[in-house]
Amino acid sequence: MEINDTQENINEELLIQTANEGNLESFRQEFLNLHSYDQAQFFFKIDKETRLKMYYYLSPKEVADFFEMLEIDDNDYKEILAEMEPKYAAEMLANMYADNAVDVLNKLGKDQTASYLTIMDKDAAQEIKGLLHYKEYTAGSIMTTEYVAISQNQTVRSAMYILKKQAPTAETIYYVYVIDEDLRLVGVLSLRDLIITDDDTMISEMMSDRVVSISVGDDQEEAARQMRDYDLLALPVVDFQNHLLGIITVDDIIDVIDEEASDDYSKLAGISDIDKMDKSPFTAAKKRLPWLIILLFLGMFTASLIGRFEDTLSKVPIVAVFIPLIAGMAGNAGTQSLAVAVRGIATGEMEDSGKFKIILKEAGTGILTGAICGVVVSLVIFVWKHDLILGLLVGFAILASLLVATIGGSLVPLIMHKLKIDPAVASGPFITTMNDITSILIYFGLATMFMSYLIH
């Protein structure tokens, strides 16, 4: 590993040195031999002065090949595009796949986007404008219009001719889509099918009419689920009349899965945009404060709740020792159930018929885990404090708290999903705090009921 890392650093230094020395041919030879991902990584690491020289050394098309692979913040996109001459930037965007160009333009202001579209090649601008009006996070917003489509009333020979002609600009050629006279999607076939079939065979005879497609307005998560379930490399996007509008390719779906997973994880942690490294502590604090303020007030409510049982605490102070234990166990159990429920909703595995079963399963899990943990802690307390009643109290409190926590952890996200609220908002910190409240109520309620047995 050390050798590879050293070699990588040497190559970067040599590239920067070559660029700064103005050795155009050597720089182009070395840089264009890199994979587009490595080109993007190098491009983002270098300083502005070196990037400005790269715009002179490379054509807009060559920059476009790696620009769409950059993984940077919105403000960084704005800064980098502002470094380029407007005409150069517009030509670079025009040479990107349309869906990727739309992703970049969506990060810019409306005035800047309109400026680039105005000076861009008309055909490219028209194609990009057609995708820009789709709502963000829908199938339409991530589809590309660069695909291969053929008619059902032609032969394999003529289809291969069209495929060869359109392949240089198509994002993928592994699937060829079949449309009728009204541009409706009627079938699909693979590149392999075309290669192995006789040239005079009609497309209508060999195509598969069982086409998996998605509506242009459907959520991008649904597109990801369909591609996962059917093992597709590309998914056609249609309107309500089944007209073929574009396709979603697997590379875009990988980005969607990464984006959605990061979003759900950040919400479970009680913060937003966890995938973006904040450069300023003020920006990070601004994102985290809302949840922390809410949890602060919930924590104060928990403290006031304990205060209501002051009489119990004064008479049996030993019960205070086990408050963190019971609250912590309930919080952990609730977070586990929450993760199971949120994942089931996000992946589509939890259908309406299975939601009640999930709650029953989690309740059963809560009883089993609570009973085992309760027995263990009762024995430990009996050996430690030589007090059977105290051990049974804590054991029963853990049993009841884990049962309530597991049911709550699975029920809360289901209710939120039913109300059309993102279930991931039922975050870990929120569930943990709510379980603190319920577990303390259970624990002190039981302690108050059996206080006469606890006083020695």
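Residues numbered from 1 in each chain as written. Predicted model: local features only at pLDDT ≥ 70, side-chain atom pairs only at ≥ 80, totals over all residues. Heavy atoms only, no water.

The line we're drawing: UniProt positions are given in the numbering used here, feature names are shortened, and annotations may be inferred rather than shown by experiment.
Going by the annotation in an unreviewed UniProt entry, the name recorded for the protein chain is Magnesium transporter MgtE, with Lederbergia ruris given as the source organism. Taken directly from UniProt, the Subunit (unreviewed entry) text for the protein chain runs: "Homodimer." You can read under Function (unreviewed entry) in the UniProt record for the protein chain the words "Acts as a magnesium transporter."

1. Digging into the sheet that holds strand β6 (residues 244-249)
This is how the line gets drawn: Following DSSP output, two strands are said to pair if at least two bridges run between them. Strands are runs of DSSP state E lasting at least 2 residues, helices are runs of H or I lasting at least 4, and numbering of each runs from the N terminus. Whether two residues touch is decided by their heavy atoms; if any such pair falls within 4.5 Å, the residues are in contact. Fitted lines through C-alpha atoms serve as axes, helices being fitted only where they are in contact, and the angles separating the N-to-C directions of these axes extend from 0 to 180 degrees.
If you trace the 3 strands from one edge of the open sheet to the other, you get β4-β5-β6, paired in mixed fashion. Pairing within the sheet leaves two strands with one partner each, and these edge strands are β4 (214-215) and β6. Of the strands in this sheet, β4, β5 (234-238) and β6 touch helix α15 (residues 220-230), which is tilted by about 135° from β5.

2. A look at the UniProt feature "transmembrane region" (unreviewed entry) in the protein chain
According to UniProt, the feature "transmembrane region" (unreviewed entry) maps to residues 289-306, 318-342, 363-384, 390-416 and 437-455 in the numbering used here. Helix makes up 80% of residues 318-342 and strand 0%, and the two end C-alpha atoms of the span are 38 Å apart. Taken end to end, residues 390-416 is 100% helix and 0% strand, and its two terminal C-alpha atoms sit 38 Å from one another.

3. Observations concerning the sheet that holds strand β1 (residues 149-151)
Read across the open sheet, the 3 strands follow the order β1-β2-β3; overall the sheet is mixed. Only two strands of the sheet have a single partner each, and these edge strands are β1 and β3 (185-190). Strand-to-strand, the axes of this sheet are offset by a mean angle of 35°, without reference to chain direction. Taken together, the 3 bridges between β1 and strand β2 (residues 175-179) define a ladder with parallel strand orientation. Across the sheet, the residue bridging to Ser-151 is Ile-179, located in β2.

4. Some remarks on the packing of helix α8 (residues 98-105) against helix α10 (residues 122-132)
Applicable threshold: The handedness criterion is simple: a crossing whose near helix is rotated anticlockwise from the far helix by less than a right angle is left-handed, and one whose near helix is rotated clockwise is right-handed. For this classification, the nonpolar set comprises Ala, Val, Leu, Ile, Met, Phe, Trp, Tyr, Cys and Pro, the charged set comprises Asp, Glu, Lys and Arg, and every other residue, Gly included, is treated as polar.
Interaxial distance between α8 and α10 falls to 9 Å at its minimum, and their mutual angle equals 65°. With respect to the hand of their crossing, α8 and α10 are arranged in right-handed fashion. The segment α8 lies against α10, with Ala-98, Asp-99, Ala-101, Val-102 and Leu-105 engaging Glu-127, Ile-128, Leu-131 and Leu-132. Looking at the contact of α8 with α10, its residues break down into 7 nonpolar, no polar and 2 charged.

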